[in-house]
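Next come the chains, spelled out residue by residue.
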Amino acid sequence: MNITLKIWRQKNAKAKGQFVEYPLSDVSPEMSFLEMLDALNNKLVKEGTDPVAFDNDCREGICGMCSLYINGRAHGQETRTTTCELHMRVFKDGETISIEPWRSKAFPVVKDLIVDRNAFDKIIQAGGFISVNTGSASDSNSIPVSKAKADDAFDSASCIGCGACVATCKNSSAMLFVSAKVSQLANFPQGQVEAAKRAKNMVAKMDELGFGNCTNTGACEVECPKGISIKNIAKLNREYLSAKLSD
Amino acid sequence: MNKLNSKIPDGPLAEKWSKHKASIKLVNPANKKRLEIIVVGTGLAGASAAASLGELGYNVKVFCYQDTPRRAHSVAAQGGINAAKNYKNDGDSVYRLFYDMIKGGDYRAREANVYRAAEVSNNIIDQYTAQGVPFAREYGGLLDNRSFGGVQVSRTFYAKGQTGQQCLLGSYSALSRQINKGTCTMYSRRDLLDIVVVDGKARGIIARNLITGEIERHGAHAVVLATGGYGTIYYMSTLAVNSNASAAWKAHKKGALFANPSFIQIHPTCIPVLNDYQSKLTLMSESLRNDGRIWVPKEKGDKRLPNDIPEEERDYYLERRYPAFGNLVPRDVASRAAKERCDAGYGVGDTGLSVYLDFKDAIKKQGKEAIEAKYGNLFEMYEKIAGTNPYERPMRIYPAGHYTMGGLWVDYNLMTTVPGLYAIGEANFSDHGANRLGASSLMQTAGDGYFVIPYTIGDYLADEIRTPKISTDLPEFEASEKEVLSQIDKLMAINGTQPAKSFHKRLGKIMWDHAGMARNEEGLKEGIKLINELEKEFWTDLKITGTKDELNQEIEKAGRVADFFGIAKLICQDALNRKESCGAHFREESQTEGGEAKRDDENYSYVAAWEYIDENTAQKLHKEELTFDFVEVKVRSYK
């Protein structure tokens, strides 16, 4: 296949960015999207041009490092797919593909397609854990947890922290991310001790870091590569409300 | 002088660890506050260690190359984590887990270390459960288990096919809590470029800030490397594309011996190479072999679609060759058997380099829903990459480079031969011998991080309480920084024509062909020759664009490839030295009539630890003899 890439280039955080077009030929439909970008970069380096900087690591959809807004959609048009799992077979010969970084005040552009998602770490540091020191745990089977709750917790816990939800939300809200962690931990008896504090601290940190409010459009759920449900947000709202009421 | 004092405590196997813990030195809480520790890498080992050391009151500085510690490649481990809980009442015990690992590792691991790994395994499950890791549960609300290769009990705890992710997020949450408390300071997007040694002791690191390009000096009283394995030496592997061996290699050059570098696990069930541009091979968890059956057509070159080949014309070769363990033989055995069938012309797919992993019988027996509940996400992943639906058509799989049992040599305290420099998790060599059993990687790496290093590091630091904060103005820091900068300048000055990645790809091919699943003397010698040639070409024709004072991924890649050459040669040298076959190391010259690996205990029952001399001198071999006082050394058989 032959394609044209329209890619956001930005030298660093302070520089002004712009779209640059690159024609690319001999693209195999079997290539993954990132392998296609590897091929472009291979060509650019040989020509002596700065290659396109993009984040990626595991290339199997689990580390959450890859991002990219492809043709106006986070991780491209396929549902429940990360950019590294996206394959060129879903694009057409002759197509022009636009590629942008995540756009959000809380995720500033670092270079080209790379953004700074450190804000997510800060939210987790504010309370996304159960306070248990190494060595102080009792036998796992001393606290039974219903299979339904454990499965629910797993579904919430499968968030990969990629930030597609924030990039997709018109308000740049991090509610899906925050709520997934809050609901995961609230499903366990040992997580309930700090549940109120956790919800309050994480939400406060999210607000402080410049993420917007949730207006329940549900766009985040549609674009989440791991299918995290907005039911988590309802659950967070309940946790948050009861925390506020008990203040 | 023998450099290798393994410091194995005396006494009965089952009492070694508790006695050792009770007798090593401690650091009191007031002194811990004055001591600094650097932890490099934030996978299960690094994040768990950093969090636990922070909880103890040490000042911990944590480094990773990713944008956040939550992305370390432990995240990709799929199938599970072993523990000797015996929740299934099937006769499991710490001793049995120990025994399985010793046997699985083909009697090339240290008894005392392996026993300790088995001993702390139960604590890990408790720790993660307390942290809210959603392990799979039964309807009664208690934890579920499944079986894995090479064993006859069910001791593997799991969270669907995302056990590594869930455990890593547990460790990451503990680390996050300590960052919030201020005991741990996080430095993400940093590449370690050198270890600083002062008066013979590890006192810090030189790192490159990947955003600004700035070279940074960081001092500490001890340095812990949790930097993973070197499986990306094959270019295409199951590892993350940025996983690299630079930290281990730099430590090696600074005096840390490197043990058993040729012990590399080739994982039997990966999605095969589908195109020439491919950058990685995706693993399909070993747990699939619980229900999937592996086969090839009985007829050579049979081009029919798999579903058109009738039952009697299929060769379920693992079940045929190894009736006792069937599809659940250990990884090295399964990988070699697949290679044997493909080399003999029975392989399937366009390239003939794959075999079928078939779920038809399991779906018929258990129903599609049951299979989906167990492996749903893996099936989805397979379909995305390979483009066919495994519920309807068998998966195609082939072995790929996966895990390195070899690594930095460490003593019982996990300290390398450089005082104050530790290696934990996959970065060390100690627990898996010549082959690692499934689901024991998460176990060892979390065990090292949570339950071993927090104790053993105190034994060293107790003598450091009078050492003031390490100044980064020391001449050793200056010299290290200078060396690092001159290497970057040298790389950039080549100004040739080929990007770093293309050299990596070619190096990977050389390694796969000459030091992959089967090795022989001639091939290994040829491999070394080819690596030398490629290295020369690298240093004359590498092309790096941009400058060093900015985010520059070409500099990152080039530095990593430069270090890979050294380790590639060391792998070949070690494989040449070890003329026996054992575990994953298969020397074609040493096999039984039936094509099984033939060990030579008389001559090779030792750990080969290599000492770096200089660029122009061959590395020096040091031997740590292995003794087996608590198990009987036998021929490993899964028939």
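A short note on the overall build of chain A
Check the secondary structure of chain A and you find nine helices and seven strands. Taking the principal axes of its C-alpha atoms as reference, chain A extends roughly 60 × 35 × 35 Å. Relative to its full complement of 247 residues, chain A shows a buried share of 60%. Counting only contacts in chain A whose residues sit at least 6 apart along the sequence, the fraction spanning at least 24 positions is 69%. In chain A, 30 side chains carry a positive charge and 29 a negative one; their mean positions are 6 Å apart.

Considerations on the overall build of chain B
Scanning chain B from N- to C-terminus turns up 17 helices and 20 strands. Against the globule reference of 26 Å for 639 residues, chain B gives a C-alpha radius of gyration of 24 Å, in line with a compact fold. Expressed along its principal axes, the backbone C-alpha trace of chain B runs to roughly 75 × 60 × 50 Å. Counting every position in chain B, which comprises 639 residues, the buried fraction comes to 68%.

Looking at the interface of chain A and chain B
Taken together, the 75 residues of chain A in the interface contact 78 residues of chain B. Between chain A and chain B, a total of about 6200 Å² is buried, with carbon and sulfur atoms accounting for 51% of that surface. Counting the surface chain A buries against chain B, the share from its top three residues, A:Glu60, A:Thr134 and A:Phe154, is 11%. When the shortest N-O distance is used, the salt bridge between B:Asp67 and A:Arg117 registers 3.3 Å. Between chain A and chain B we count 46 residue pairs in polar contact (both at pLDDT 80 or more) in total. Taken together, the elements giving at least two residues each to the side of chain A that touches chain B come down to α1 (33-47), β6 (109-111), β7 (114-115), α2 (118-125), α3 (147-157) and α5 (175-186) of chain A. When residues in the side of chain A that touches chain B are grouped by element, the largest group, six residues, is from α3(A). Of the residues contributing to the side of chain A that touches chain B, the split by class is 31 nonpolar, 24 polar and 20 charged.

Section: the packing of aromatic side chains
Counting across every chain of the model gives 33 aromatic pairs over all chains. Relative to B:Tyr187, the ring of B:Phe63 lies with its centre 4.8 Å away and its plane at 10°, an arrangement referred to as stacked. In this pair, B:Phe63 sits in strand β2 (residues 59-63) while B:Tyr187 sits in strand β6 (residues 184-187), placing the two residues 124 residues apart along the sequence. Given a relative accessible area of 2%, B:Phe63 falls into the buried group. A connected cluster of aromatic rings, assembled from ring pairs, spans A:Phe107, A:Phe120, A:Phe177 and A:Phe211. Above the ring of B:Tyr455, the side-chain terminus of B:Lys21 is found at 5.0 Å from the ring centroid. The aromatic ring of B:Tyr403 is capped on one face by B:Arg436, whose charged end is 4.1 Å from the ring centroid.

Let's talk about the domain arrangement of chain B
All names here are of chain B. With domains assigned, chain B is organised as domain 1 (26-266 + 403-464), domain 2 (267-401) and domain 3 (475-625). Relative placement of domain 1 and domain 3: their C-alpha centres are 23 Å apart. Area buried by domain 1 at its contact with domain 3 is led by Arg 108, Ile 233 and Tyr 235, which between them contribute 16% of it. At the boundary of domain 1 with domain 3, the tally comes to seven salt bridges. Across the contact surface, domain 1 and domain 3 share 25 residue pairs in polar contact (both at pLDDT 80 or more).

Here's the deal with empty space enclosed by the protein
Unoccupied space between atoms shows up once a probe the size of one water molecule is rolled over them. Residues and elements named next belong to chain A. The final tally for this structure, using the stated rule, is eight cavities of 30 Å³ or more. In this structure, the largest cavity spans a volume of roughly 170 Å³. In the lining of the largest cavity, the residues fall into six nonpolar, six polar and six charged. When its volume is computed, the second largest cavity comes out at roughly 120 Å³. Around the second largest cavity, the lining is made up of 13 residues, and of these Cys 214, Thr 217, Gly 218, Cys 220 and Ile 233 lie nearest the centre. Of all the elements in the fold, those that place two or more residues in the lining of the second largest cavity are α5 and α8 (219-223). Partitioning the lining of the second largest cavity into residue classes produces eight nonpolar, five polar and no charged.

Quick notes on the pairing of strand β15 (residues 355-358) of chain B
All names here are of chain B. Along β15, one buried face is formed by Val 355 and Leu 357 and the opposite face, lined by Tyr 356 and Asp 358, is buried too. Relative to β15, strand β13 (residues 293-297) runs antiparallel, the two being bridged by three bridges. Looking at the pairing, Ile 294 lines up with Leu 357 of β15. Direction of pairing for β15 relative to strand β16 (residues 395-404): antiparallel, over a ladder of three bridges. Bridge pairing in β16 links Leu 357 to Met 395.

A short note on the sheet that holds strand β11 (residues 258-259) of chain B
All names here are of chain B. Spatially, the four strands line up as an open sheet ordered β17-β11-β19-β20, and their pairing is antiparallel. Pairing within the sheet leaves two strands with one partner each, and these edge strands are β17 (407-408) and β20 (620-625). Bridging between β11 and β17 involves two bridges; their strand directions are antiparallel. In the strand pairing of β17, Ala 259 is matched with Gly 407. Running over the sheet, helix α16 (residues 553-577) touches β11, β19 (606-611) and β20 and is turned about 140° from β19.

Digging into the side chain of A:Lys226
Residues and elements named next belong to chain A. Looking at where Lys 226 falls in the secondary structure, it is placed in the loop between α8 and α9 (231-245). We note that Lys 226 is buried and unpaired, the nearest opposite charge coming from Glu 85 at a distance of 4.6 Å. Other than its neighbours up to four places away in sequence, Lys 226 contacts Gly 61, Arg 80, Thr 82, Ser 158 and Ile 160.

Some remarks on the domain arrangement of chain A
Residues and elements named next belong to chain A. Segmentation of chain A into domains returns domain 1 (3-111) and domain 2 (117-133 + 140-245). One C-alpha centre belongs to domain 1, the other to domain 2; they are set 28 Å apart. The interface is formed by 22 residues belonging to domain 1 together with 21 residues belonging to domain 2. On the domain 1 side of the interface with domain 2, the three residues burying the most area are Arg 80, Ala 106 and Phe 107, jointly 32% of the side's total. There are two salt bridges connecting domain 1 and domain 2. Its salt-bridge partner being Glu 223, residue Arg 73 comes within 2.8 Å of it at the nearest N-O pair. Linking domain 1 with domain 2 are seven residue pairs in polar contact (both at pLDDT 80 or more), by the criterion used here. Considering only residue class, the side of domain 1 that touches domain 2 consists of nine nonpolar, eight polar and five charged.

The rules behind the values
Residues numbered from 1 in each chain as written. Chains lettered and ligands numbered in written order. Predicted model: local features only at pLDDT ≥ 70, side-chain atom pairs only at ≥ 80, totals over all residues. Heavy atoms only, no water. Helix = DSSP H or I, 4+ residues; strand = E, 2+ residues; numbered from the N terminus. Buried < 20%, exposed > 50% of the residue type's maximum accessible area, 1.4 Å probe, protein only. Contact = heavy atoms within 4.5 Å. Lys, Arg positive; Asp, Glu negative; His and termini not counted. Charge placed at Lys NZ, Arg CZ, Asp CG, Glu CD. Rg over C-alpha atoms; globule rule 2.2 N^0.38 Å. Buried area = accessible area lost by both parts, 1.4 Å probe. Salt bridge = Lys/Arg side-chain N within 4 Å of Asp/Glu carboxyl O. Polar contact = N/O pair within 3.5 Å; in protein donor to acceptor, adjacent residues only side chain to side chain. Nonpolar A, V, L, I, M, F, W, Y, C, P; charged D, E, K, R; others polar. Phe/Tyr/Trp six-rings, centres within 6.5 Å; stacked < 30°, edge-to-face > 60°. Lys NZ or Arg CZ within 6 Å of the ring centre and 35° of its normal. Domains from an automatic or database assignment. 1 Å grid on protein atoms, 1.4 Å probe; cavity = no way out; pocket = protein on both sides within 12 Å on 5 of 7 lines; lining within 4 Å. Points joined across faces, edges and corners; volume = space filled by probe spheres on them. Pairing = 2+ DSSP bridges. Axes fitted to C-alpha atoms, helices over the stretch in contact; angles between N-to-C directions.

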